[in-house]
Amino acid sequence: MVHAGFPSPAEDFMDVALDLNKELVRNPSSTFFARVKGDSMIDDGVNDGDMLIIDKAAEPVDGCLAVCFVDGEFTLKRYLNKGDYAILMPANKAYKPIRVDADNQFAIWGVVKYLVKKV
Amino acid sequence: MPFVGLCDCNNFFVSCERVFRPDLEHRPVMVLSNNDGCIVARSNEVKALGIKMGTPFYQARDLVRRHNIAVFSSNYQLYGDMSQRVMNILRKAVPGIEVYSIDEAFLNLDEMPLESLQPFALNLSARIRREVGIPVSIGISPTKTLAKIASKLCKQYPALKGGCLMYRTQDVEKVLGRFPVSDVWGIGRRSNAKLQAMGITHALGLYNMPREQVNYLFNLPGLRTWKELHGEPCIGFEDVQSDRQTVCISRSFAKEMTTLEELDAAISTFTSKVAEKLRAHGQCAQQLSVFILTNRFREDAPQNYQIKTTLFDVATDDTLEMSERAALSLRQIFKSGYAYKKAGVMVTRLMPKRGVQSSMLDNIDRTRRASLMEAIDAINKTEGNYTVRLASQGEMDQFSARTMTSRRFTTRWDEIIDVKV
């Protein structure tokens, strides 16, 4: 005996459900997640405890939100390329911009693509 | 001429740790085996200090202090995930890959024109470095054996920038003249001893031997290596991929074990892991061995090494059945009065699950058990290892030291990177 029932009228129009992972993680090989600790970027809406979706392979363009490695620590700042040196801009008046040049141990580790926050 | 590539991650475990600790980039770094027994990965700086692979950690403690070497316990969750990232890039870049180990894969480059191979290797190498953060060495040659040698060449010469195409006879001969024959893929300890006794130290010596002599001295496997050195492919793309014939899980304990209860928990855990691996590969085992051994470095303590091997009537991949058997075996070999440093569980005589012969005397409902195992595997996969485990496994931390383990940055939400903002 075969239980057939009525075929769903939507069957021919089935779509794949939205997948946040696919939308936010374009390149899984180069994507890493990180947690924000601190308040130096609050004026840009980056709060303590927020999650960052970082693309390690993205080209850091001037003014991008970059996860940088400076003198032994990861930090998140706006990256301003000044040629011979770079300025890492905080978004909180209580913090001063950081100037980095050849004397610092400095690397851009990745570029922040999305910010995930709990409301 | 069809080509084959080998992509090998440089000092892989060390490189994984460095991705999340860029400050260690030019500092000596080493990674230890499970429970910090011996050194399993070394940065170039550590290699330069003369510290050999597999050295017991305590023997290197002095050098560690003197040279401020950064030491990590192994973090296989992290290495496994980073490995998959590398393999996924390779998979997209070439028509076929064969994953050879956690940090190595052969690349099928059959359809690629000769002139594009060198730039291809350089691009791919740079891309993996940029995207995943792992430096790799890609060797490209007409055979797998030569591709391995070419990739080792990349490591010796940073000027190659992680990509080396090697195929011209004069190039191959020049390289083989400097390449230790013991490092050639397929040359085992015994073949090497024979070669050394004949005064052959470099690969070129083997290469220059007459074919008949190689055949006479080293039989078919040796001849295969010889042909591969001459650019004649003998090892195809599936040959190495054949079903595994054994699964073994063993550990050295942080603290020596003297009681049956302690060993029971360890053996039970290893057995669960072995069974899980079998299921992941769709295999069943006919034979199970349990072994326990004392610390052979402690000359003051009595030594004991015991192994017990038993057969199953019906080949199995069932955690409960295997654990029961393992516990029984352990009781037969355990002796009090010894301090056990290491234990393990090994299964052999493996076969595909589909091919398992059933037995009339079988008193286990295998269909029901199979769905139970499936459920356990699914939960442990999503909720983390050992969420569901046998009561006999006990608490999980008792036999791991794990003092210098980095975080599982890519597989646990509560361990992702912290960014000071």
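The structure under discussion appears in the preceding block.
These numbers were taken from a predicted model, which means no experiment stands behind them.

## Structural notes on the overall build of chain B
Point 1. What chain B contains, in helices and strands, is 13 helices and 13 strands.
Point 2. When its C-alpha atoms are laid out on the principal axes, chain B stretches across 65 × 60 × 45 Å.
Point 3. Counting only residues that meet the buried cut, chain B has 48% of its 421 residues in that class.
Point 4. Taking the contacts inside chain B whose residues are at least 6 apart along the sequence as the reference set, 69% of them involve residues at least 24 apart.
Point 5. Working note: accessible area of chain B is about 21,100 Å², and carbon and sulfur atoms make up 51% of it.
Point 6. For chain B, the separation between the mean place of its 56 positive charges and that of its 46 negative charges on side chains is 4 Å.

## Topic: the interface of chain B and chain A
Point 1. Between chain B and chain A, the contact holds 20 residues from the first and 29 residues from the second.
Point 2. Approximately 2,200 Å² of surface area, both sides summed, lies buried where chain B meets chain A, with 60% of it carried by carbon and sulfur atoms.
Point 3. Across the contact surface, chain B and chain A share 2 salt bridges.
Point 4. Here Glu73(A) and Lys420(B) are joined by a salt bridge, their closest N and O atoms 3.0 Å apart.

## Here we look at the nonpolar core
Point 1. Among the nonpolar cores identified, the biggest contains 57 residues, and Leu76(A), Met82(B), Leu90(B) and Ile134(B) are the most heavily contacted of them.
Point 2. If you tally residues by element for this core, the top one is helix α4 (residues 76-93) of chain B, at 7 residues.
Point 3. Apart from residues no more than four positions distant in its own chain, Leu90(B) is found in contact with Cys7(B), Ile97(B), Ala105(B), Leu107(B), Leu124(B) and Ile128(B).
Point 4. One finds Leu263(B), Ala266(B), Val274(B) and Ile333(B) within the second-largest nonpolar core, a separate group that totals 27 residues.

## Remarks on the pattern of salt bridges
Point 1. Applying the stated criterion across every chain yields a total of 25 salt bridges over all chains.
Point 2. A salt bridge links Arg408(B) to Glu415(B); the nearest nitrogen and oxygen atoms lie 2.6 Å apart.
Point 3. In this structure, a network of salt bridges that share partners links the residues Lys37(A), Arg407(B) and Asp418(B).

## Some points on the packing of helix α1 (residues 12-20) of chain B against α4(B)
Each packed pair of helices is defined by two parameters, the angle between the axes and the distance between the axes.
Residue and element names in this part refer to chain B.
Point 1. Where α1 contacts α4, the axes come no closer than 10 Å and their chain directions differ by 95 degrees. As far as their axial angle goes, α4 and α1 are roughly perpendicular. Seen from α1, the contacting residues are Phe-12, Phe-13, Cys-16, Glu-17, Val-19 and Phe-20; seen from α4, they are Tyr-76, Leu-78, Tyr-79, Met-82 and Ser-83.
Point 2. Looking at the contact of α1 with α4 residue by residue, the classes come out as 9 nonpolar, 1 polar and 1 charged.

## As for the sheet that holds strand β4 (residues 70-73) of chain B
Residue and element names in this part refer to chain B.
Point 1. Sheet architecture is open: 3 strands sit in the order β3-β2-β4, paired in mixed fashion. If you trace the sheet from one side to the other, it starts and ends with β3 (39-42) and β4, each paired once. Strand-to-strand, the axes of this sheet are offset by a mean angle of 25 degrees, without reference to chain direction.
Point 2. Each of β2 (29-32), β3 and β4 touches α1; the most contacted strand, β2, lies at about 115 degrees to it.

Reading the values: the criteria
All residue numbers refer to position in the chain's written sequence, counted from 1. Throughout, the order in which chains and ligands are written sets their labels, letters from A for the former and numbers from 1 for the latter. At least 70 in pLDDT is required for a residue's local features to be given in this predicted model, at least 80 for side-chain atom pairs to be given and counted, and no such filter applies to totals for whole chains, interfaces and linings, which use all residues. No hydrogens and no water enter the side-chain calculation; it runs on all heavy atoms of the structure. The helix count covers DSSP runs of H or I at least four residues long, the strand count covers runs of E at least two residues long, and both are numbered beginning at the N terminus. Per-residue accessibility, obtained with a 1.4 Å probe over protein chains only, is compared with the maximum for each type, and a residue is labelled buried under 20%, exposed over 50%, and partly exposed between these values. Contact between two residues is taken to exist if any of their heavy atoms lie within 4.5 Å; hydrogens are not considered. Residue-level accessible areas treat just the shown protein chains as cover; the underlying method is Shrake-Rupley with a 1.4 Å probe. Charge assignment in this entry is limited to Lys and Arg as positive and Asp and Glu as negative, and neither His nor the chain termini are counted. All charge positions are set by atom: Lys at NZ, Arg at CZ, Asp at CG, Glu at CD. Once two parts are brought into contact, the accessible area they lose, counted with a 1.4 Å probe and summed over both, makes up the buried area. The salt bridge definition used is simple: a Lys or Arg side-chain nitrogen within 4 Å of an Asp or Glu carboxyl oxygen. Note on terminology: a nonpolar core comprises buried Ala, Val, Leu, Ile, Met, Phe, Trp, Tyr and Cys residues joined through side-chain atoms within 4.5 Å. Axis definition: a line fit to C-alpha positions, over the contact stretch in the case of helices; interaxial angles, taken between N-to-C directions, run 0 to 180 degrees. Reported orientations rely on four angle classes, namely roughly parallel under 35 degrees, roughly antiparallel over 145, roughly perpendicular from 65 to 115, and oblique for the rest. Three classes are used, and their members are as follows: Ala, Val, Leu, Ile, Met, Phe, Trp, Tyr, Cys and Pro are nonpolar, Asp, Glu, Lys and Arg are charged, and the others, Gly among them, are polar. In this scheme, strands are said to pair when DSSP sees at least two bridges between them.

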